[in-house]
Amino acid sequence: MADPSLRKRRQPPEEKSLESMSGVSDSTSIERHSISTGKRTFQQDSSYAYTLAFIIVVLAGCLVSFYKIWYPAEVVFDEVHFGKFAGYYLKRTYFFDVHPPLAKLMIAAVGYCVGYDGHFEFENIGDNYIENNVPYIALRALPASLNVMNIALMYSIMKASGYSLCTCIVTASMYILDNAMVAQHRLIMLDSMLIFFMLSTVYSYIRFRRVRHQEFSNEWWAWLLATGVTMALTLSVKMVGLFVVTAIGICVLIDLWDLLNVDRGTTLDHFLNHFAARAVAFIAVPILVFLFWFHVHFTILVESGPGDAFMSTSFQETLRNSAIKMKSLDIHYYDDITLMHKDTEMYLHSHSLRYPLRYEDGRISSQGQQVTAIKMPDENTWWKVKPTKPIVDGERVAVVHGDIVQLVHVNTGTHLLAHDVASPILSTNEEITTVPLDARYNETLFEVLLDDYNNGNVWQTHMKSVRLMHVDTKVCIWTHSQSLPEWGLGQQDVNGNKQLTEKSNYWVSTEIYGINATVVNLEKKKNIKSIPFLFKFVELFGLMLSHNSGLTKSHPYQSAASAWPLLPRGISYWSKDSTKEQIYMTGNVFGWWTSIVGTSVFLSLLIVDLVTQRRRYFLISEPARSRLLSSGGFFFILWALHYFPFFFMGRALFLHHYLPAATCNYLLLGSVFQFLFVRGVDSPTSDLQRNESAQELKRLHEVSFSRSHSTLLTYTATAVIIGLQLGFFIFLSPLTYGTPGLTIEQVLQHKLRPAWDLQFAK
């Protein structure tokens, strides 16, 4: 426990700086020394002991991360995505993904270095790597190596924050022996990179805070810029990097608020210099780094590929060998075309059958010719584009955005028409029919409204989507997935949609009768177009955000964020029937539950301390309080910001989304361990010597010095906690490494939570 002699009724300090809330503090203490020499006045635990412990935890991390990394030699879970994406980079083939490019580029770089050409498609979980000559061990070695570096960073963060040797060892060991971290970070996935850059950001900021009195020195700038760069790299892996950006932003605002205090003697010019430095390091530099990786992304991916369909036609025209571009033709008046609905991929169709006089609900129809939508084009899906303006005989005039046209159903020789009669299925929408060529002219006029018309206003097959808006009644030709009754041959309903701006109103022309697009385009030898980088970035980034939020389709292994810390269920990553082996991603039950208990203890301590202070009884010593509030508070903010935002996300969520928060929770657990089991704190942790720039600033609180002392209780708690974490890790290791196989009885024994849906349990 914290030193009992320090817990007593006393007077609070007259003034207290907010700088202690920025992650690193200079605490007061019972041991008071002069700081005029500007040197650190104590040695914490032996530097040799810290170094030896660091080496041991890193070696242990290597063992658990690389143990049987070659097994299984098959595609596991999301390796189907990220291995495939790496292959696309190596083939320079354009693809689309909801995550920023950095981590996938890193995987591709490893593949390039070992001579991999991206030939394997990673189609299915269980596909064999060895049979397909895939250097999967090298690809898996990248996340595994970064996991080892994560362990080093966990240890270094605690050491840089001034924690005792035992606390550093406990914190790093909890991370090393977490089954979820090992299972996730030894496969071709992105989370190892995400956590590596997140922890690098945390470590860099703590190091920056330690040299804050060396204002604008080389070391000060180095750690300031390192924080900004690693923050951007975190965001360049996944958009959840915004959480660490927010955490650092909160600390920076507190730091600036403290610097703004006139009692510190800060001039306005001096404050503005600090503000400008942080604006450059935490805004300008991260933006440039973030954009840089997208620039690399676009520079590499120059060949047409599966991602084309997500992008605008102008974007697709920047890619080489674009299949859709080679099929594209300008549409001219009197061309016979097919029209496919973009959302349902059904073709606009008509036939000689008519709507019944009376529908099942009693409504009356026009008894006009039916207009429907069908899956495959046939002789009844051809429509002639007829002009409403004078055209010189024999002249080929292209149809452009805003033109008013008529559409003639070629097979029946009738005009497409919309009118104010309720459609068969949706009474709120208009009926679409056809009429003879010499009838009801004004009701057969449609305006051509192209998507992305600013990047070319000529209507083209495949490349330009179109809304056909009825001029008279202002509805768009539209279809939906509901089929007509037997009288409509079960074909899909087509009607006039009054919601003109809906994205589902778009149709695509897929063919012009009698023209071979490939021959025409080979003769034209189209040049590759280019558009500015920022235009491409804005388009891709917007699509990433919209598609990510649209990932709402249910998944058998998704879980609710509110339950993650208690590990109600994991994720089945891989299984093999013949050997009864499986990889089931779940955390170390002891570690995760202990972390949540640690968080509860932390919040309880803050509440109790706050209440007792109101009675002027200071239960916790000032050094212990300062460390708990500053360092522990920083770790709590990191955990909360990496966890609670998921409560408000509508997309499908999985347990692996909690891993960054679980990592931060281990840091907070270390802070609580220090308070409960280590006597005193090592303080201060920062270099107190001020350079010329900082000399004018005043201290608003007395700086004193103390050392922590490990006791028998400290060593006992360390051994017990690490021992229990190790025990649970070994017990769950067959589910983590996928080997050895388990009998039905053994599987049931490993089912520590009722909802764990393990394979081979029956």
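Worth saying up front: this structure is predicted, and the values here are computed from it rather than measured. (Residues numbered from 1 in each chain as written. Predicted model: local features only at pLDDT ≥ 70, side-chain atom pairs only at ≥ 80, totals over all residues. Heavy atoms only, no water.)

A.B. asks: Honestly, the packing of aromatic side chains in this entry has me stumped. Any pointers?
C.D. replies: Here the distance between the centres and the angle between the planes together describe a pair of aromatic rings. Taken as a whole and assessed by the stated rule, the structure comprises 53 aromatic pairs. Judged by centre distance (5.1 Å) and plane angle (75 degrees), the ring pair of Y643 and Y658 falls under edge-to-face. Of the two residues, Y643 is situated in helix 16 (residues 622-643) and Y658 in the loop between helix 16 and helix 17 (659-677); the sequence distance between them amounts to 15 residues. Judged by relative accessible area, Y643 falls into the buried class, the value being 4%. (Phe/Tyr/Trp six-rings, centres within 6.5 Å; stacked < 30°, edge-to-face > 60°. Helix = DSSP H or I, 4+ residues; strand = E, 2+ residues; numbered from the N terminus. Buried < 20%, exposed > 50% of the residue type's maximum accessible area, 1.4 Å probe, protein only.)

A.B. asks: How should helix 17 be read in this particular structure?
C.D. replies: For an α-helix, 3.6 residues make a turn, and residues three or four places apart therefore share a direction. Between its first and last C-alpha atoms helix 17 spans 26 Å; for 19 residues at 1.5 Å apiece the expected length is 27 Å, and the two agree. In terms of burial, helix 17 is a largely internal element, 17 of the 19 residues being buried. (Expected span 1.5 Å × (residues − 1).)

A.B. asks: Before we go on, may I ask you to explain the pattern of salt bridges in this structure?
C.D. replies: Under the criterion given, the structure shown has 17 salt bridges. Note that E443 and R440 form a salt bridge whose closest N and O atoms lie 2.8 Å from each other. According to the relative accessible area criterion, R440 is partly exposed, its value standing at 39%. Taken together, the shared-partner salt bridges connect R209, D255 and R278 into one network. (Salt bridge = Lys/Arg side-chain N within 4 Å of Asp/Glu carboxyl O.)

A.B. asks: Hey, could you run me through helix 16 in this one?
C.D. replies: Over its 22 residues, helix 16 runs 30 Å from end to end, which matches the ideal 32 Å to within 8%, given 1.5 Å per residue. Residue G633 marks the point of greatest curvature in helix 16, where the axis turns by about 30 degrees. Here helix 16 lies mainly inside the structure; 18 of its 22 residues are buried. (Bend = angle between axes of the 7 residues up to and from the residue.)

A.B. asks: Mind showing me how you'd approach the nonpolar core here?
C.D. replies: Most often, soluble globular proteins keep nonpolar side chains buried together rather than apart. I107, M193, Y573, W592, F634 and F635 are the most contacted members of the largest nonpolar core, which totals 164 residues. Excluding anything up to four places from it in sequence, Y573 contacts V76, F77, I125, Q184, L187, M189, I583, M585 and H656. Counting residues in each nonpolar core, the second largest holds 32 residues, with W383, V399, L407 and L416 among its members. (Core = buried A, V, L, I, M, F, W, Y, C linked by side-chain atoms within 4.5 Å. Contact = heavy atoms within 4.5 Å.)

A.B. asks: How should unusual backbone geometry be read in this particular structure?
C.D. replies: Peptide bonds are, in most cases, trans, and in most cases residues other than glycine have a negative phi. In the segment running from Y71 into P72, the intervening peptide bond is cis, with an omega of -5 degrees. With respect to the helices and strands, the residue P72 is situated in the loop between helix 1 (47-66) and helix 2 (79-91). Cis geometry marks the peptide bond from T739 to P740, where omega comes out at 0 degrees. With respect to the helices and strands, the residue P740 is situated in the loop between helix 18 (712-737) and helix 19 (744-750). Phi at F77 is positive, roughly 40 degrees, even though this residue is not glycine. You can see F77 is positioned in the loop between helix 1 and helix 2.

A.B. asks: Teacher, can you tell me more about the pairing of strand 1 (residues 336-341) here?
C.D. replies: The side chains of a regular strand alternate between both faces of the sheet. Most of strand 1 sits out of view: six of its six residues are buried. The side-chain alternation of strand 1 yields two buried faces, one formed by D336, T338 and M340 and the other by I337, L339 and H341. Relative to strand 4 (residues 383-387), strand 1 runs antiparallel, the two being bridged by two bridges. In the sheet register, I337 faces strand 4, and the bridge partner there is W383. (Pairing = 2+ DSSP bridges.)

A.B. asks: So what exactly am I meant to see when it comes to the packing of helix 15 (residues 589-614) against helix 17 here?
C.D. replies: When two helices pack together, their arrangement is captured by the angle between the axes and the distance separating the axes. It is the contact of helix 15 with helix 17, at a shortest axis distance of 8 Å, that shows an interaxial angle of 55 degrees. Taken as axis vectors, helix 15 and helix 17 run oblique relative to one another. Here helix 15 and helix 17 pass one another in a crossing that is left-handed. Here G591, W592, T594, S595, I596, G598, T599, V601, F602 and L605 of helix 15 come into contact with helix 17, specifically with L659, A662, N665, Y666, L668, L669, V672, F675 and L676. (Axes fitted to C-alpha atoms, helices over the stretch in contact; angles between N-to-C directions. Parallel < 35°, antiparallel > 145°, perpendicular 65-115°, else oblique. Left-handed = near helix turned anticlockwise from the far one by under 90°.)

A.B. asks: Mind showing me how you'd approach the confidence of the model for the protein chain here?
C.D. replies: Low-pLDDT stretches of the model should not have their predicted coordinates read in fine detail. Looking at the protein chain, the pLDDT average stands at 89 and 91% of residues meet or exceed 70. Ignoring residues within four places in sequence, the model shows residues 1-21, a span with pLDDT below 50, making 62 contacts including any to other chains. Contacts of residues 25-44 to residues separated by more than four positions or lying in other chains number 60 contacts, the stretch itself having pLDDT below 50. (pLDDT = per-residue confidence, 0-100.)

A.B. asks: Hey, could you run me through the packing of helix 15 against helix 18 in this one?
C.D. replies: Contact geometry of helix 15 with helix 18 gives a least axis separation of 7 Å together with a crossing angle of 135 degrees. In this view, helix 15 runs oblique relative to helix 18, as classed from their interaxial angle. Between helix 15, through V589, F590 and G591, and helix 18, the contact on the second element is made entirely by I721, L724, Q725 and F728. Of the residues that constitute the contact of helix 15 with helix 18, the class distribution is five nonpolar, two polar and no charged. (Nonpolar A, V, L, I, M, F, W, Y, C, P; charged D, E, K, R; others polar.)

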